[in-house]
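Commentary on secondary and tertiary structure
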Amino acid sequence: MNPVELARPEIRSLQPYSSARMEAADGSIWLNANESPWPPFASTADWNRYPDPQPAALVARLSGLYGVGRDELLAGRGSDEGIDLLVRAFCTAGRDAILVSPPTFGMYAVCARVQGAGVVEAPLRRDFSLNVDALLAAMTPAVKLVFVCAPNNPSGAGVPRAAVLRIAAALAGRALLVVDEAYAEFADPDAAGSIAAEIGRHANLVVLRTLSKAWGLAGARVGALLADARVVALLRKLMPPYPLPAPCVDIALRTLTVQGEQATRERIAIVRAERERMADALARIRCVREVLPSQANFLCVRFHDAAAAGAALHRAGVVVRDVRHYPMLGDALRISIGTPDENDRVLDVLRAMPTVEPATDAAACREVRA
Ligand SMILES: *Cc1c(COP(=O)(O)O)cnc(C)c1O
């Protein structure tokens, strides 16, 4: 089945805006887009010109990196833009829905709510593994998009390939499966690896990648959506005319060189080694209840008193993510892997915290109630 048949009818029939840059033929004097004829004051680059809507060099490099065809890739402002485009293209307000497995990345549900789409939940198991049976049982005809975050944020757990493929097959003709691989570079190669190679076999499979994490380019906002070429063509229709700023494309291309890739690989190796060192060290600190296994560049850590741990870190100038509002993580903080020195600082602060015995826990509860 053509996956685009699941999209909103008005988007399928939409006549997209045709920009000057898209209509441009060859020429040497450009007077078609009301641009300034001079480069900006602060640069000699041709940033006075509107950028290519899908910069050819960037699309070529990213499609090579991720192993898909150029027509199977949509470059955009981080993977966040891909999430938003998918929800707007596939979910009719007031009628359709997305499906998520909490605790997971919050943007899926936020984009759905902005669009007026429903959010169906199939929670992770108590061990934070994806519950494929529960997910498939929660499916309704309204669900057009199923989001799976692999590895998952904020738990850090990887998702087995077999589970992803089973979901993709079960959803064929009913919904798209969107696999968010924001942290795929940090996963064990044998445990994970990208699922993007399966797009040719599963027309309803969409993969999100980003340069924000492993490539160190969160500030540039560059990501890619990988999907069946018909899905990519549909999403291009509702994307703004010039999504990618030229300076951002420039820095992305200079990062995606052979040398850049080598440097990135070395940094990923450091992060992975530090992740294992931190997981071991944290698990031996008294105030820590549990360190969840992670395939990403962060650790989700459960504390006897997460508020106190967060406050102690904050007093030392260390900012971590409070994830206590997520289901099953009411006692947890999410700690990104930093440089070895930064990680040592986290350990120093937490080691210096007073022991919290169960009895003290009870006393603290009584205090709160009083
Ligand atoms: C950080 C993150 C992203 C990346 O978003 P960008 O818009 O590419 O910066 C996507 N998904 C998840 C789960 C993330 O944690």
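Located above this text is the structure these notes cover.
Read on for a plain summary of the structure. (Residues numbered from 1 in each chain as written. Predicted model: local features only at pLDDT ≥ 70, side-chain atom pairs only at ≥ 80, totals over all residues. Heavy atoms only, no water.)

Focus on the overall build of the chain
What counts, and what does not: Secondary structure elements are taken from DSSP: a helix is a run of H or I of four residues or more, a strand is a run of E of two residues or more, and numbering for both begins at the N terminus. C-alpha atoms define the radius of gyration, and 2.2 Å times the number of residues to the power 0.38 defines the globule rule. Buried residues are those whose accessible area, probed at 1.4 Å on protein chains only, stays under 20% of the maximum for their type, while exposed residues exceed 50% and partly exposed ones sit between those limits. We call two residues in contact whenever any of their non-hydrogen atoms come within 4.5 Å of each other. Only the protein chains shown count as cover for residues, and the accessible areas themselves come from Shrake-Rupley with a 1.4 Å probe. When charges are counted, Lys and Arg contribute as positive and Asp and Glu as negative, whereas His and the chain ends are disregarded. The atom standing in for a charge is NZ when the residue is Lys, CZ when it is Arg, CG when it is Asp and CD when it is Glu.
Within the chain, the regular secondary structure consists of 13 helices and 11 strands. Over its C-alpha atoms the chain spans a radius of gyration of 23 Å, differing by no more than 12% from the 21 Å that the globule rule assigns to 370 residues. If one aligns the C-alpha atoms of the chain with their principal axes, the spans along those axes are about 75 × 50 × 45 Å. Out of the 370 residues belonging to the chain, those deemed buried represent 49%. Long-range contacts, defined as pairs at least 24 residues apart, comprise 70% of the intrachain contacts of the chain with a sequence gap of at least 6. Approximately 17600 Å² of the chain is accessible, and the part contributed by carbon and sulfur atoms is 54%. Separation between the mean location of the 41 positive side-chain charges and that of the 40 negative ones in the chain comes to 3 Å.

Some remarks on the site of the ligand
Here is the rule we go by: Working definition: residue near molecule or strand if any one of its non-hydrogen atoms lies within 4 Å of it. Under the rule applied, a polar contact is a pair of N or O atoms within 3.5 Å (in protein, one hydrogen donor and one hydrogen acceptor; residues adjacent in sequence only if both atoms are side-chain atoms). Throughout, the ten residues Ala, Val, Leu, Ile, Met, Phe, Trp, Tyr, Cys and Pro are labelled nonpolar, Asp, Glu, Lys and Arg are labelled charged, and all others, Gly among them, are labelled polar.
Around the ligand, the surrounding shell holds 14 residues, and the nearest of these are S79, D180, Y183, T210 and K213. Between the ligand and the protein, one listed contact pairs an oxygen atom with a backbone N or O atom of D80 at 3.0 Å. Here an oxygen atom of the ligand sits 3.4 Å away from a polar atom, N or O, in the side chain of K213. Here the ligand has 390 Å² of accessible area as a free molecule, and 93% of this is covered by the chains. Ranked by the residues each element gives to the shell around the ligand, the list is headed by helix α4 (residues 78-90), at three residues. Partitioning the shell around the ligand into residue classes produces five nonpolar, five polar and four charged.

Brief notes about the pairing of strand β11 (residues 332-336)
Successive residues of a regular strand alternate their side chains across the two faces of the sheet. Just so we agree on the cut-off: Strand pairing is defined by DSSP finding a minimum of two bridges between the two strands.
Burial analysis of β11 places four of its five residues in the buried class, the great majority of the element. Pairing between strand β9 (residues 298-303) and β11: five bridges, direction antiparallel. Among the inter-strand pairings, R302 is bridged to a residue of β11, identified as A332. Two strands pair when backbone bridges link them, and strand β10 (residues 321-322) and β11 are joined in this way by two bridges, in the antiparallel orientation.

Looking at the packing of aromatic side chains
Aromatic ring pairs are defined here through the distance separating the ring centres and the angle between the ring planes. Short version of the rule: Between rings of Phe, Tyr and Trp, where Trp is taken as its six-membered ring, a pair exists when centres lie within 6.5 Å; planes separated by under 30 degrees are stacked, by over 60 edge-to-face, and by other angles tilted. A ring has a charge above it when a Lys NZ or an Arg CZ is no more than 6 Å from the ring centre and no more than 35 degrees off the ring normal.
For the structure on display, the rule yields four aromatic pairs. A centroid spacing of 4.3 Å and a plane angle of 20 degrees characterise the contact between Y50 and Y242, whose relative ring orientation is stacked. Taken together, the residues span a long stretch of sequence, with Y50 in the loop between α2 (20-23) and α3 (56-66) and Y242 in the loop between α8 (229-238) and α9 (246-255) at a distance of 192 residues. Using a relative accessible area of 38% as the deciding quantity, one classes Y50 as partly exposed. Among the residues examined, Y242 registers a relative accessible area of 23% and is labelled partly exposed. Measuring from ring centre to ring centre gives 5.4 Å for F105 and Y108, while their planes differ by 75 degrees; the resulting arrangement is edge-to-face. Three or more aromatic residues joined by ring pairs make a cluster, and in this case those are F105, Y108 and F147. Over the ring of F298 we find R334, and its NZ or CZ is 5.6 Å from the ring centre.

Quick word on the nonpolar core
What tends to happen in soluble globular proteins is that the nonpolar side chains get buried as a cluster. Selection criterion: Grouping buried Ala, Val, Leu, Ile, Met, Phe, Trp, Tyr and Cys residues that are joined through side-chain atoms within 4.5 Å yields what is termed a nonpolar core. Domain extents, as shown, originate in an automatic or database domain assignment.
If you look at the biggest cluster of nonpolar residues, it comprises 87 residues, and the most contacted ones within it are L177, F303 and L350. The leading source of residues in this core is helix α10 (residues 258-283), at six residues. When we break this core down by domain, the ones giving at least three residues each are domain 1 (3-256) and domain 2 (261-369). Not counting the four nearest positions on each side in its chain, L177 is found in contact with V146, V148, V164, I167, A168, L171, N204, L205 and V206. Counting residues in hydrophobic clusters, the runner-up holds 33 residues, among them C91, V100, V232 and L235.

A short note on the sheet that holds strand β6 (residues 205-210)
Strand pairing in a sheet takes place through backbone hydrogen bonds and is either antiparallel or parallel in direction. Definition in use: Axis angles are defined between N-to-C directions and span 0 to 180 degrees, where every axis is a line fitted to C-alpha atoms and, for a helix, only to the segment in contact.
Taken in spatial order, the seven strands line up as β1-β7-β6-β5-β4-β2-β3 in an open sheet, and their pairing is mixed. Here the strands that pair on one side only, and so sit at the sheet edges, are β1 (73-76) and β3 (118-121). When the angles between neighbouring strand axes are averaged without regard to direction, this sheet yields 20 degrees. Alignment of β1 against strand β7 (residues 223-226), held across four bridges, turns out to be antiparallel. From the neighbouring strand, L73 faces β7, where its bridge partner is L226.

Brief notes about empty space enclosed by the protein
Note the threshold: Cavity: a set of points on a 1 Å grid over the protein atoms alone where a 1.4 Å probe fits but cannot get out. Pocket: an open set with protein on both sides within 12 Å along at least five of seven lines, its lining residues, like those of a cavity, having an atom within 4 Å of a point. Grid points are joined across faces, edges and corners, and a volume is the space filled by probe spheres set on the points.
This model, assessed by the stated rule, comprises four cavities of 30 Å³ or more. In this structure, the second largest cavity spans a volume of roughly 100 Å³. Every residue lining the second largest cavity is counted, 13 residues in all, and those nearest its centre are L124, L130, C149, N152 and V159.

A short note on helix α7 (residues 161-171)
Because an α-helix completes one turn every 3.6 residues, residues spaced three or four positions apart along the sequence face the same direction. The condition is simple: Working definition: the arc comes from the directions between the helix axis and the C-beta atoms, pointing outward to the latter.
When we look at burial in α7, the residues that qualify are A163, V164, I167, A168 and L171. Angularly, the buried residues of α7 cover 135 degrees about the axis, an arc narrow enough to put them on a single face. Where α7 is buried, its residues touch α6 (132-137), β4 (143-149) and β5 (176-180). Just downstream of α7, G173 is the residue with a positive phi angle, here 80 degrees.

Points about unusual backbone geometry
Cis geometry is found at the peptide bond from A150 to P151, where omega equals -5 degrees. Along the chain, the position of P151 falls in the loop between β4 and α7. Residues N153 and P154 are joined by a peptide bond in cis, for which omega reads 15 degrees. By the secondary structure assignment, P154 is in the loop between β4 and α7. One non-glycine residue, N34, lies in the positive phi region at around 55 degrees.

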